[in-house]
Amino acid sequence: MSEKLSVEAQLRERKKELSLLHNFSRLVNEAEDSPEQILKGLLRMLPDAFLEP
């Protein structure tokens, strides 16, 4: 049973990583070439993608 939870936890982490990449890609496309806007958006997104202890 613990192995199943481990796989489920790994899948949740992969989902968060993929969501971050997708959202960052969208941000870059919509940011109108503003590095400041891109960095601020990335900083808002990063905490949601951190690994849960």
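Structural data are supplied above this passage.
Just so you know, these numbers come straight off a predicted model, no measurement behind them. (Residues numbered from 1 in each chain as written. Predicted model: local features only at pLDDT ≥ 70, side-chain atom pairs only at ≥ 80, totals over all residues. Heavy atoms only, no water.)

Draft legend 1. Spotlight on the environment of Ser25. With respect to the helices and strands, Ser25 occurs in helix H1 (residues 2-30). Along the chain, Ser25 and Val7 lie 18 residues apart, while their C-alpha atoms are 27 Å from each other. (Helix = DSSP H or I, 4+ residues; strand = E, 2+ residues; numbered from the N terminus.)

Draft legend 2. Layout of the pattern of salt bridges. Scanning the entire structure with this criterion turns up three salt bridges. Note that Glu17 and Arg14 form a salt bridge whose closest N and O atoms lie 2.9 Å from each other. Here Arg14 and Glu17 lie together in helix H1, a separation of three residues that amounts to about one turn. The class of Glu17 is partly exposed, set by a relative accessible area of 36%. Judged by relative accessible area, which is 39%, Arg14 ranks as partly exposed. (Salt bridge = Lys/Arg side-chain N within 4 Å of Asp/Glu carboxyl O. Buried < 20%, exposed > 50% of the residue type's maximum accessible area, 1.4 Å probe, protein only.)

Draft legend 3. The arrangement of the environment of Lys15 in detail. With respect to the helices and strands, the residue Lys15 is situated in helix H1. Residue classification places Lys15 among the exposed residues on the basis of a relative accessible area of 61%. Separated by 34 residues in sequence, Lys15 and Ala49 place their C-alpha atoms 8.9 Å apart.

Draft legend 4. Here's a closer look at helix H2 (residues 35-49). In a regular helix each residue adds 1.5 Å, so 15 residues correspond to 21 Å; H2 covers 21 Å between its end C-alpha atoms and thus fits that length. Among all positions in H2, only Ile38, Gly41, Met45 and Ala49 are buried. (Expected span 1.5 Å × (residues − 1).)

Draft legend 5. Inspection of the environment of Lys40 at higher detail. Within the fold, Lys40 resides in helix H2. Residue class for Lys40 comes out partly exposed when judged on its relative accessible area of 45%. With 16 residues separating them along the chain, Lys40 and Phe24 place their C-alpha atoms 11 Å apart.

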